[in-house]
Amino acid sequence: MAEGIKDKVAIIGMGCTKFGERFDASPQDLMVEAFVECLADSGLEKKDIQAAWWGVHMPDISVGRGATILGTTLKLPFIPITRVENFCATGSEALRGAVYGVASGAYDICLALGMEKLKDTGYGGLPLAGGMGYKMPLNSFNLTAPGGFAMMATKYFSKYNLNPQDGKMMLAKVSAKSHRNGALNPKAHLRKEVTVEQVMNAPVIAWPLGLFDCCGVSDGSAAAIVCRADMVKKFRPDPVFVKSIQISVSSGEEMLYAKWDGAHVEPSYRAGIMAYKEAGIKNPREEVSMAEVHDCFSITEAVTMEDLQFSARGKVKDDIDAGRFNYDGAQPIQIDGGLKCFGHPIGASGLRMMYEMYKQLQGKADKRQLKDPKVGLTHNMGGFPSMCVVSVCIVGK
Amino acid sequence: MGLGSYEKYLAFRKLMPCEIGIRGEETIFTSFSIISRENREIYGMVGTKCKKCGTPSWPVQRICPNPDCGAVDQMEPYKFSDKLGDIFTYTSDFLAPSIDPPASYGFIDFKGGGRAGLDFTDCDPNTIKVGMPVELAFRIKAADEKRAAINYGWKAMPIVA
Ligand SMILES: [Zn+2]
């Protein structure tokens, strides 16, 4: 019987770059920036790191494939390095590799580092970067990321009888809340508050989603050093313990078997259930103090509240209207500003989310500090609602 | 948005240059061996139907996606091109490169079962609704000018009552 990884591994150091249009920085500059902060925070030396997991989703437009770029950039001394890629969960996948490396007993101390350099394309939205295979243009359609998620908003509005005005208002509150948080965060890309009215009146990108329903696209990097839980006290008094890391991937049922309702993300629900079981959480709405979830689009955050069982099915609007997920609400979400304000350098995002949970649990989140949070959760979702990869990580004291 | 019909004609015939952004610059590569191998699926919109449980799927599957079935290699060809369907969900997308923006597309649920994501054609984006009936139409998807290949495929055409 698998026993899971609860409390076997601790995070003892983290680093995160300023996210944004980092035209000043090369991909290697970003990697070094995250690593230097992470190593200094851990108090370790480079020679203490025994293995590394390196996450980058679109290396074809930045540093190329394989693991060599991490070893040669950081000058890691011939240690095992694995490059991982799993859509938008790439950063969390790198952390999962490092945590599993330690939990397995193979290593005492591992590094996870994620980076993405997207803005060198010169245009908005995620790069095309090929990569979908030669068959895709022959039997697929003109799908973009906003379009794929807009279809979930359309279906959510239809299923729960929200007229477009009320539906867009619900989503606008999600984005306005994150902008309010991001404005306080010096590492965020977008640091301006926006009003619900501004969000509602912004140009449409893919109906019903407007400009402020979409997260930014940015450059950035983040990193974590993890170690065996039983050796952590020698390194620092305030480590953060990994309670669970789970990934769920679509079985194809959503589109191919056609029973999916189009208004939720099944792998988010499944990954949540697995993660809560591993972490021993019975009531996520009450027990999870705070979360960074994958708000690539406002609708994604809204349905994720339901998929992670923070809100009842079809009822997230009530919780949004009541301010439950605001910085001063019962269950703050995207307290660092989220993808909404950080943008989404794909390989880095999962580790950027964990950086905020780590700082919050240590009481080092500056102006964003919540009052004594106990349990933090990160959630990444990659692909489209109809077919995707979802990670859920839970950490605590 | 809102090109008149004459301007659309000029754009479609490439008699008038269109600004579609850097995003639209990606060159199309047509793999002729894929077309040769999978032409019934690509040009015929032929998917599969499980002989054991009757689940129709698009595109072609070897393993039945019904979680209670999972039969392996029990598929027969199943044609979607002549099936009617209705709009399960949709969007009209201004980011997608298109000479006729916004690019409208969605998921179609077919009468008799099966679901597919398809571009829409011959429709006014402002009139599309969830549940609207559609039929399929064989249309140009893209032109691969370097290889002199016109890539055709099936699109969903909303039926206006
Ligand atoms: Zn079957």
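What counts, and at which threshold
Residues numbered from 1 in each chain as written. Chains lettered and ligands numbered in written order. Predicted model: local features only at pLDDT ≥ 70, side-chain atom pairs only at ≥ 80, totals over all residues. Heavy atoms only, no water. Domains from an automatic or database assignment. Buried area = accessible area lost by both parts, 1.4 Å probe. Salt bridge = Lys/Arg side-chain N within 4 Å of Asp/Glu carboxyl O. Polar contact = N/O pair within 3.5 Å; in protein donor to acceptor, adjacent residues only side chain to side chain. Helix = DSSP H or I, 4+ residues; strand = E, 2+ residues; numbered from the N terminus. Expected span 1.5 Å × (residues − 1). Buried < 20%, exposed > 50% of the residue type's maximum accessible area, 1.4 Å probe, protein only. Arc of directions from axis to C-beta. Contact = heavy atoms within 4.5 Å.

Draft legend 1. Structural detail: the domain arrangement of chain B. Residue and element names in this part refer to chain B. For chain B, the domain assignment lists domain 1 (40-81) and domain 2 (83-161). Its C-alpha centre places domain 1 at a distance of 21 Å from the equivalent point of domain 2. Interface area, domain 1 with domain 2, both sides summed: about 1,000 Å², of which 57% is carbon and sulfur. Counting across the domain 1 and domain 2 interface gives zero salt bridges. Summed over the shared surface of domain 1 and domain 2, the number is three residue pairs in polar contact (both at pLDDT 80 or more). Among the secondary structure elements, those contributing two or more residues to the side of domain 1 that touches domain 2 are α2 (32-44) and β3 (75-79). Considering each element in turn, the side of domain 1 that touches domain 2 owes the most residues, three residues, to α2.

Draft legend 2. Representation of helix α1 (residues 27-42) of chain A within the structure. Residue and element names in this part refer to chain A. For α1, with 16 residues, the first-to-last C-alpha span of 23 Å sits near the 22 Å given by 1.5 Å per residue. Of the positions making up α1, those classed as buried are Pro27, Leu30, Met31, Ala34, Phe35, Cys38, Leu39, Asp41 and Ser42. Each buried residue of α1 lies within a common arc of 160° when the element is viewed along its axis, so the set occupies one face. Buried-residue contacts for α1 involve β1 (9-16), β2 (51-55), α2 (68-74), β4 (109-116), β7 (220-228) and α14 (346-362). Looking one or two residues beyond α1, the residue adopting positive phi is Gly43, at roughly 75°.

Draft legend 3. Spatial organisation of the interface of chain B and chain A. With 42 residues of chain B in contact, the opposing surface of chain A contributes 40 residues. Regarding the contact of chain B and chain A, the summed buried area is about 3,600 Å², with carbon and sulfur atoms giving 63% of it. Its largest share of buried area at the contact with chain A, chain B owes to Arg23(B), Phe107(B) and Arg115(B), together 19% of the area lost on that side. For Lys135(A), the salt bridge goes to Glu38(B), with nearest N and O atoms at 2.5 Å.

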